[in-house]
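Notes for the structure review
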Amino acid sequence: MRDQAQASAASPALDKPDSASQSLAGPALSTLATALPPHLWFGVSAVFHYLGPAFAVLLFAQVGVLGMAWLRIAAAALVFAPLTRPWRVFARADRPTRLLLVAFGACLAVMNCSFYLALDRLPISLVAAIEFVGTIAVALVGLRRPRNLAALAIAVTGTLLLIDVKWSSDPVGLFWAFLNGALFVGYIVLGHRVAASGAGAGIAGLGAAMTIAFLVVLPIGFTEALPAFSAPSLLIAAIGVGICSSVIPYICDQLAMARLPRASFALMLSLLPLSATLIGIIVLRQLPSLGDCLGIALVVAGVALHKPAPGRAP
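Residues numbered from 1 in each chain as written. Predicted model: local features only at pLDDT ≥ 70, side-chain atom pairs only at ≥ 80, totals over all residues. Heavy atoms only, no water.

1. As for the overall build of the protein chain
Tallying secondary structure elements over the protein chain gives 15 helices and zero strands in all. Taking all 314 residues of the protein chain together, the buried fraction comes to 51%. Counted over contacts in the protein chain with a minimum sequence separation of 6, partners at least 24 positions apart contribute 89%. As displayed, the protein chain has an accessible area near 13,700 Å², and 70% of this comes from carbon and sulfur atoms. (Helix = DSSP H or I, 4+ residues; strand = E, 2+ residues; numbered from the N terminus. Buried < 20%, exposed > 50% of the residue type's maximum accessible area, 1.4 Å probe, protein only. Contact = heavy atoms within 4.5 Å. Areas by Shrake-Rupley, 256 points an atom, 1.4 Å probe, with all protein chains shown as cover.)

2. Some words on the packing of aromatic side chains
Inspection of every chain in the model, using the stated rule, returns eight aromatic pairs. Pairing phenylalanine 104 with tyrosine 187 gives two aromatic rings, centres 5.9 Å apart and planes at 25°, and the pair type is stacked. Of this pair, phenylalanine 104 sits in helix H7 (residues 95–119) while tyrosine 187 sits in helix H10 (residues 171–195), placing them 83 residues apart in sequence. For tyrosine 187, a relative accessible area of 3% puts it in the buried group. Their ring planes at 15° and their centres at 6.0 Å tell us that phenylalanine 184 and tyrosine 187 sit as a pair that is stacked. Taken together, the residues span about one helical turn, with phenylalanine 184 and tyrosine 187 both in helix H10 at a distance of three residues. Put simply, the rings of Trp70, Phe214, Phe222 and Phe229 touch in pairs and so form one group of aromatic residues. (Phe/Tyr/Trp six-rings, centres within 6.5 Å; stacked < 30°, edge-to-face > 60°.)

3. Section: the pattern of salt bridges
Under the defined criterion, the tally for this structure stands at one salt bridge. Between aspartate 170 and arginine 121 there is a salt bridge; the shortest N-O distance is 2.8 Å. In this pair, aspartate 170 is assigned in the loop between helix H9 (146–162) and H10 and arginine 121 in the loop between H7 and helix H8 (124–143), connecting sequence segments 49 residues apart. According to the relative accessible area criterion, arginine 121 is partly exposed, its value standing at 43%. (Salt bridge = Lys/Arg side-chain N within 4 Å of Asp/Glu carboxyl O.)

4. Observations concerning the nonpolar core
The biggest cluster of nonpolar side chains holds 85 residues, and the ones touching the most others in it are Phe42, Met68, Leu108, Tyr116, Tyr187 and Met210. It is H7 that provides the largest number of residues to this core, a total of 13 residues. Among residues more than four places away in sequence, those in contact with methionine 210 are Ile73, Ala76, Ala77, Phe80, Leu108, Ser246 and Tyr250. (Core = buried A, V, L, I, M, F, W, Y, C linked by side-chain atoms within 4.5 Å.)

5. Here we look at unusual backbone geometry
Note on backbone geometry: most residues besides glycine have negative phi, and most peptide bonds are trans. Its identity as a non-glycine residue notwithstanding, arginine 85 has a phi of 45°, on the positive side. For arginine 85, the location among the structural elements is in the loop between helix H5 (65–84) and helix H6 (86–92).

6. So, the confidence of the model for the protein chain
In the predicted model, the protein chain carries a mean pLDDT of 76, and the fraction of residues at 70 or more is 75%. Within the protein chain, the lowest mean pLDDT, 42, falls on helix H1 (residues 2–10), and the highest, 92, falls on H7. Within the model, pLDDT remains below 50 along residues 1–11, and this stretch shows 10 contacts once partners closer than five positions in the same chain are excluded. Confidence drops under a pLDDT of 50 for residues 15–25, and excluding neighbours within four residues, the segment shows 33 contacts in the predicted structure. (pLDDT = per-residue confidence, 0-100.)

7. Focus on a nonpolar patch on the surface
Together, Leu218, Phe222, Leu226 and Phe229 make up a nonpolar patch on the protein surface, roughly 340 Å² of accessible area in all. Mapped onto the elements of the fold, phenylalanine 229 is located in the loop between helix H11 (199–225) and helix H12 (232–257). A residue is classified by how much of its surface remains accessible, and phenylalanine 229, at 45% relative accessible area, is partly exposed. (Patch = residues over 30% accessible without salt bridge, like charges linked within 9 Å, V, L, I, M, F, W, Y side chains within 5 Å.)

8. A short note on the packing of H5 against H12
Relative orientation and spacing of two packed helices are given, respectively, by the angle between their axes and the distance between those axes. Between H5 and H12, the shortest axis-to-axis distance is 7 Å and the interhelical angle comes to 65°. Taken together, the axis directions place H5 and H12 in an arrangement best described as roughly perpendicular. As for how H5 packs across H12, the hand of that crossing is right-handed. On H12, the residues that touch Met68, Leu71, Arg72, Ala75, Ala76, Val79 and Phe80 of H5 are Leu235, Ala238, Ile239, Val241, Gly242, Ile243, Ser245, Ser246, Val247, Tyr250 and Ile251. (Axes fitted to C-alpha atoms, helices over the stretch in contact; angles between N-to-C directions. Parallel < 35°, antiparallel > 145°, perpendicular 65-115°, else oblique. Left-handed = near helix turned anticlockwise from the far one by under 90°.)

9. Structural notes on the packing of H7 against H10
In contact at an axis separation of 8 Å, H7 and H10 are set at 150° when each is read in the N-to-C sense. Viewed along their axes, H7 and H10 adopt a mutual orientation that is roughly antiparallel. Considering only the axes of H7 and H10, their crossing is left-handed. Its residues placed into classes, the contact of H7 with H10 shows 19 nonpolar, five polar and one charged. (Nonpolar A, V, L, I, M, F, W, Y, C, P; charged D, E, K, R; others polar.)

10. A closer look at the side chain of histidine 192
Inspection of the secondary structure assignment puts histidine 192 in helix H10. Ignoring sequence-local partners within four residues, the contact set of histidine 192 consists of Met257, Leu260, Pro261, Arg262 and Phe265.

This is how it looks when you write it as structure tokens:
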């Protein structure tokens, strides 16, 4: 518990959410968040982490890459706004917390744009591989134990077997992929600071950050997103992408981050290639090879071997 207290003291705390925020992140959700293991919340996030982009890629031809990023963030901000009243959260926060929320929101905006720009030019396997590289550094910072270092090595080996890493000669695509990977590390670090106040306040802070993200991306992709407003079916699909990509997984991440150390959460991200493989089997009928099955087994073994720091375990 000492580690938790020190982590909370080191991070700006969000004010207690108002009554509107509590409708989403109040006692009921807090009770559910603590009743269910954080690994379950992460599992839900891992599934939707790939369902959303799968739908988004199908819409690139209609609304453009940045238009899709704009629609995704706008839809998420629209969902969060009436539930968390981000303007009140931001107004009641102190200066350090406001800076944290602005940084988190800007990170979300640029990360989503760079992710889609990378997907438009590079294979998703390469983008995923580069994205996972940054999380290794986050996991290494908080491990410091031979057992956990071994767990990380096993998980990384399994991930490399799962991901068919093919370097591209497209320097622009690689730039966006590496930028996305760097910002994904920022998402983990800043997201944990927002979650330090607990599940309820963390989701309220997420709603405020998503509003900031919408303001950042507003002038970037609005023009490309315009065709969606003249096609109801396309607009509904874009809203669905926003909910699948930025509402469900981000809320689940906050519920997991509130109870998992940052290094443990970063290590669990090695499960993302596993979830992508399973989605490929179920949705796309893409059966894994023997090497893929071995990779899945190593990733699961690495995560199972990892042991969180005392006082921070769920």
